[in-house]
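Read off the chains here:
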Amino acid sequence: MRALLLLSALASSAAAQEGGEQPRSMTSADLREAGSFGVGLGLGTFLVPISGSALHGFYSFKKDLQLELQLWGGTFDGKDIIDKEPTVRLDHLDLKGSLAQFRLKYFVGNSFYVAGAFGSRRIEFDLQASNILGDMVRTELESDAVFAGIAIGNTWTFGSGFFIGGEWVAVSVPLASEFSSETTETSASSTPTDLTDLQAEAEDSAKDLGEVTTLGLATLYLGWQF
């Protein structure tokens, strides 16, 4: 009888030890190792209304703190963002945006993060228009700003090192801005009023984009941690 009790106790002890040796499932927080690097690609509306793609890289100081560099670029057809006279034909109004920023990302829990940012952004306008008389004008506008920002999102990391995430909202507040305008081509010795009015409207839009708080919405990214 005593032998049976002893064998039963030994079996229970061995089962408990085996159960304890089984590794638990690792979370994204566990896999964000201190001292690791990561690189990835991004896609989405990074500077409303401009969408594009990004390259980014990061270094993890701790599993809940990362330093990140992001480089964004994209384009937008801006024909609908300014008003024009009925006599004017807007041949094109192309917007090109770029953004470079350093960010500190602090993770709360498993995957959710809050990021603080500092960087620069540029929005370039390429406008060409003509009127019913055949007059034509082409103007290039440029708006630059230094900004501080904040963003929230989630990043999920897998055992292979692959990660995927979404940044739901990013806010960029300009600290300083500059604006420039240059008429690069015209077919008339003096630009007609209807075209100068269009130029003025485009300049106002470009200045506003440089001076106002802008948003990034629902940008997605993926990459590899090593």
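Residues numbered from 1 in each chain as written. Predicted model: local features only at pLDDT ≥ 70, side-chain atom pairs only at ≥ 80, totals over all residues. Heavy atoms only, no water.

Enquirer: How should I be thinking about the overall build of the protein in this particular structure?
Expert: Check the secondary structure of the protein and you find three helices and eight strands. Its helices and strands taken in sequence order, the protein reads α-α-β-β-β-β-β-β-β-α-β from the N to the C terminus. Accessible surface for the protein amounts to roughly 12400 Å². Of this, 60% is attributable to carbon and sulfur atoms. (Helix = DSSP H or I, 4+ residues; strand = E, 2+ residues; numbered from the N terminus. Areas by Shrake-Rupley, 256 points an atom, 1.4 Å probe, with all protein chains shown as cover.)

Enquirer: Help me understand the pattern of salt bridges, please; the structure alone is not making it clear to me.
Expert: Should the charged atoms of two oppositely charged side chains come close, the side chains can pair. For the structure shown, the criterion picks out seven salt bridges. The salt bridge involving glutamate 124 is made with lysine 96; its shortest N-O contact spans 4.0 Å. Placement of glutamate 124 in strand 5 (residues 112-131) and of lysine 96 in strand 4 (residues 88-108) is noted, with a sequence separation of 28 residues between them. The class of glutamate 124 is partly exposed, set by a relative accessible area of 26%. Lysine 96 sits in the partly exposed class, given a relative accessible area of 45%. The closest approach of N and O atoms between arginine 138 and aspartate 126, which form a salt bridge, is 2.7 Å. Within this pair, whereas arginine 138 is found in strand 6 (residues 136-157), its partner aspartate 126 is found in strand 5, the two being separated by twelve residues in sequence. Classification of arginine 138 by relative accessible area gives partly exposed; the value is 23%. (Salt bridge = Lys/Arg side-chain N within 4 Å of Asp/Glu carboxyl O. Buried < 20%, exposed > 50% of the residue type's maximum accessible area, 1.4 Å probe, protein only.)

Enquirer: Where do I start with unusual backbone geometry in this structure?
Expert: It is generally the case that most residues other than glycine have a negative phi and that most peptide bonds are trans. Between valine 48 and proline 49 the backbone carries a cis peptide bond, its omega angle lying at 10 degrees. Residue position: proline 49 is located in the loop between strand 1 (37-47) and strand 2 (50-62).

Enquirer: Would you take a moment to explain the packing of aromatic side chains for this structure?
Expert: A ring pair, where both rings are aromatic, is described by two values, the distance of the centres and the angle of the planes. Counting across every chain of the model gives eight aromatic pairs. Ring geometry for phenylalanine 37 versus tyrosine 59: centroids 4.9 Å apart, planes at 50 degrees, classification tilted. A residue pair is termed long-range when its members are at least 10 positions apart, and phenylalanine 37 in strand 1 and tyrosine 59 in strand 2 qualify at 22 residues. Taken together through their ring pairs, the aromatic side chains of Phe37, Tyr59, Phe61 and Phe226 make up a single cluster. Here the guanidinium or amino end of arginine 32 rests over the ring plane of phenylalanine 107, the centre of that ring lying 3.8 Å away. (Phe/Tyr/Trp six-rings, centres within 6.5 Å; stacked < 30°, edge-to-face > 60°. Lys NZ or Arg CZ within 6 Å of the ring centre and 35° of its normal.)

Enquirer: Would you explain the pairing of strand 5 in this entry?
Expert: Remember that side chains alternate between the two faces of the sheet whenever the strand is regular. Direction of pairing for strand 4 relative to strand 5: antiparallel, over a ladder of 20 bridges. Looking across to strand 5, one finds that valine 88 is bridged to asparagine 131. Between strand 4 and the antiparallel strand that follows it, strand 5, lie three residues; glycine 109 among them carries a positive phi value of about 80 degrees. Judged from the 19 bridges that link them, strand 5 and strand 6 form a sheet pairing that is antiparallel. Bridging from a neighbouring strand, phenylalanine 112 pairs with asparagine 154 of strand 6. Between strand 5 and strand 6, which pair antiparallel one after the other, the connecting turn spans four residues, and glycine 134 there sits at a positive phi close to 95 degrees. (Pairing = 2+ DSSP bridges.)

Enquirer: Sorry, what's going on with the side chain of glutamine 70 here?
Expert: For glutamine 70, the position within the fold is in strand 3 (residues 65-77). A distance of 3.5 Å separates a polar atom in the side chain of glutamine 70 from a polar atom in the side chain of glutamate 68. For glutamine 70, the side chain forms a polar contact with the side chain of glutamine 101, separated by 2.8 Å. (Polar contact = N/O pair within 3.5 Å; in protein donor to acceptor, adjacent residues only side chain to side chain.)

Enquirer: Looking at this model, I keep getting lost on helix 3 (residues 193-211). Mind explaining?
Expert: Think of an α-helix as turning once every 3.6 residues; residues three or four places apart then point the same way. Given a rise of 1.5 Å per residue, 19 residues ought to cover 27 Å, and the 27 Å separating the end C-alpha atoms of helix 3 matches this to within 8%. Regarding helix 3, the residues found buried are Asp194, Leu195, Leu198, Gln199, Ala202, Ser205, Ala206, Leu209 and Gly210. The buried residues of helix 3 occupy an angular sector of 155 degrees when projected down its axis, which confines them to one face. For helix 3, the exposed residues set more than 90 degrees away from the buried face come down to Thr193 and Glu211. (Expected span 1.5 Å × (residues − 1). Arc of directions from axis to C-beta.)

Enquirer: Before we go on, may I ask you to explain the nonpolar core in this structure?
Expert: With 23 residues, the main nonpolar core has Phe125 and Leu127 as its most contacted residues. Within the residue set of this core, elements represented by two or more residues are strand 1, strand 2, strand 4, strand 5, strand 6 and helix 3. With residues up to four places along the chain from it excluded, the contact list for leucine 127 reads Ile82, Leu90, His92, Leu93, Val137, Arg138, Thr139, Leu198 and Ala202. Counting residues in each nonpolar core, the second largest holds eight residues, with Phe107, Tyr113, Ala115 and Ala170 among its members. (Core = buried A, V, L, I, M, F, W, Y, C linked by side-chain atoms within 4.5 Å. Contact = heavy atoms within 4.5 Å.)

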